[in-house]
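Residues per chain, in single letters:
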Amino acid sequence: MTGVASHRRAAALTMPALLGLLALVLPLFRGPAGMQPTAATTMTVAQAISSQSGTGTVRGYIVGQPTASSTVLFGDFTADTALAIADSAGERSTSRMLYVQITSGYRATFGLQSNPGRIGALLTVTGSLTAYFSHPGLKSPTAMTGPAGDDAYYAAAAGKSGASLKSALHGIISSGVTTLSYDAVWNALKVTDQDPANPSNVILVYSGTSRSKSLNGGDPGDWNREHVWAKSHGDFGTGNGPGTDLHHLRPEDVHVNSERDNKDFDAGGTAVQDAPGNRTDADSWEPRAAVKGDVARMIFYMAVRYEGGDGHPDLEVDDATGGGTAPRLGRVSVLLQWNAQDPPDAFEKKRNETIYSTYQHNRNPFIDHPEWAASVFGQDTFARTFSSALATVADSAAVMREVKWRRMPSR
Ligand SMILES: [Ca+2]
Ligand SMILES: [Ca+2]
């Protein structure tokens, strides 16, 4: 009991202190205000490659770590000193990449060895357009910023953790939101879930299949609109709101969608025949490895976005399966593991960006900051579970004392 309490106190003290320090230090990394670029001068990576002189501001997707003129690491990063950016998040050809030097002040924030989750994220960088690793490059950066999600958007969450972080994020992702009709979701999914390798198709979330966008519907072989947060868990239906929120709606095969039904998420079960890598049993569904984290982050988003008080139920995670129609979805302990196992990839980040810029104008904070999931749902959920277990034990003890007390006089 003492151990848990002191652990919570330590976490509560150190997280805000660390984040507060970051908030103080981060602005220093951006260089003097006079050197901030104007948006009008921002170049694409292709423009920067063909214009290797003077200084410039370039925006592109982080694709890897260059180690030689024609070698870029796409994983297992070995240093924080260099980045490759491209106009497409899935670029693999080094001839279409710009190599960016990361000087010491930017390494902790942007280096890939320390921040592998930055792969696929947008980077805006200002510096000297000159060869680096004998390749078109940008050196001596004077400003580096991440996607819109990084800075201004999350300002109200700076320095917060646990319940206060959750509350700040709820405010951020619930303001200025455009809600879609359920009918509009069809066309939106054709954009957000487009197959990067085939613009005529969408990728089905659980099965991983690439299927024609035009096969949307309710017949066998069609894809339809899967509510990853099953809509019966809170019974929110398909009116504008949680039932039409693109952050948890995904294309899925009609049959696979009905197999998942309204099951909670948990590990285990038997293999799902037409959705390789997925498993299911009577009360739970385990998605394929490549989308385990995506599923977790969608559920975390829903629990933070919907807090009641706006005509919609307060959706919350719990650590159970088979919870029925209560506005709860589990199991949070497994979802936290999946979030850590399967960090946000380029597809998921681009999807978040598209929902933000084109449709709903709000973001999934756990795609931008997967580390926030443990702060919001980890120690707090654990502490809640623990304190309710302790309360139960205390209640039982009180009942026992009362039973004894009442029995005493009669004897
Ligand atoms: Ca994934
Ligand atoms: Ca909630």
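How each quantity is defined
Residues numbered from 1 in each chain as written. Chains lettered and ligands numbered in written order. Predicted model: local features only at pLDDT ≥ 70, side-chain atom pairs only at ≥ 80, totals over all residues. Heavy atoms only, no water. Donors = N, O, S within 2.8 Å, 3.2 Å for Na, K, Ca; no water. Helix = DSSP H or I, 4+ residues; strand = E, 2+ residues; numbered from the N terminus. Buried < 20%, exposed > 50% of the residue type's maximum accessible area, 1.4 Å probe, protein only. Tetrahedral: all angles 85-135°; square planar, octahedral: opposite > 155°, others 65-115°. Phe/Tyr/Trp six-rings, centres within 6.5 Å; stacked < 30°, edge-to-face > 60°. Lys NZ or Arg CZ within 6 Å of the ring centre and 35° of its normal.

Draft legend 1. The coordination of the calcium ion (ligand 1), seen in detail. Protein ligation of the calcium ion (ligand 1) involves Ala290 (O), Asp294 (OD), Asp342 (OD) and Asp342 (OD), the donor distances falling in the range 2.3 to 2.7 Å. Here the donor residues of the calcium ion (ligand 1) share one chain and are spaced in sequence as A-x3-D-x47-D. Of this pair, Asp294 sits in helix 7 (residues 292–305) while Asp342 sits in the loop between helix 8 (332–341) and helix 9 (346–359), placing them 48 residues apart in sequence. Just as Asp294 is buried, Asp342 falls in that class too.

Draft legend 2. Spotlight on the coordination of the calcium ion (ligand 2). In this structure, Ala303 (O), Tyr306 (O), Glu307 (OE), Asp314 (OD), Leu315 (O) and Glu316 (OE) serve as the protein donors to the calcium ion (ligand 2), at separations of 2.1 to 2.6 Å. Each of the 6 donor atoms bound to the calcium ion (ligand 2) contributes to angles spanning 80 to 177°, and the resulting shape is octahedral. Positions of the donor residues of the calcium ion (ligand 2) along the chain correspond to the pattern A-x2-Y-E-x6-D-L-E. One exposure class covers both Ala303 and Tyr306, and it is buried.

Draft legend 3. Quick look at the packing of aromatic side chains. As enumerated under the stated definition, the model contains 10 aromatic pairs in all. Considering the side-chain rings of Trp186 and Trp223, the 5.4 Å spacing of their centres and the 70° angle between planes classify their relative orientation as edge-to-face. One end of the pair, Trp186, is in helix 5 (residues 182–192); the other, Trp223, is in strand 11 (residues 223–227), with 37 residues separating them in the sequence. Of the two residues examined, Trp186 and Trp223, each falls in the buried class. An angle of 20° between the planes, with centres 4.7 Å apart, marks the rings of Phe300 and Phe377 as stacked. Placement of the pair is Phe300 in helix 7 and Phe377 in helix 11 (residues 372–410), with a sequence separation of 77 residues. The residues Phe300 and Phe377 share a single accessibility class, namely buried. In textbook terms, an aromatic cluster arises when at least three aromatic residues are bridged by ring pairs, as seen for Tyr153, Tyr154, Tyr356 and Trp372. Above the plane of the ring of Trp338 lies Lys292, whose end atom (NZ or CZ) is 5.6 Å from the centre.

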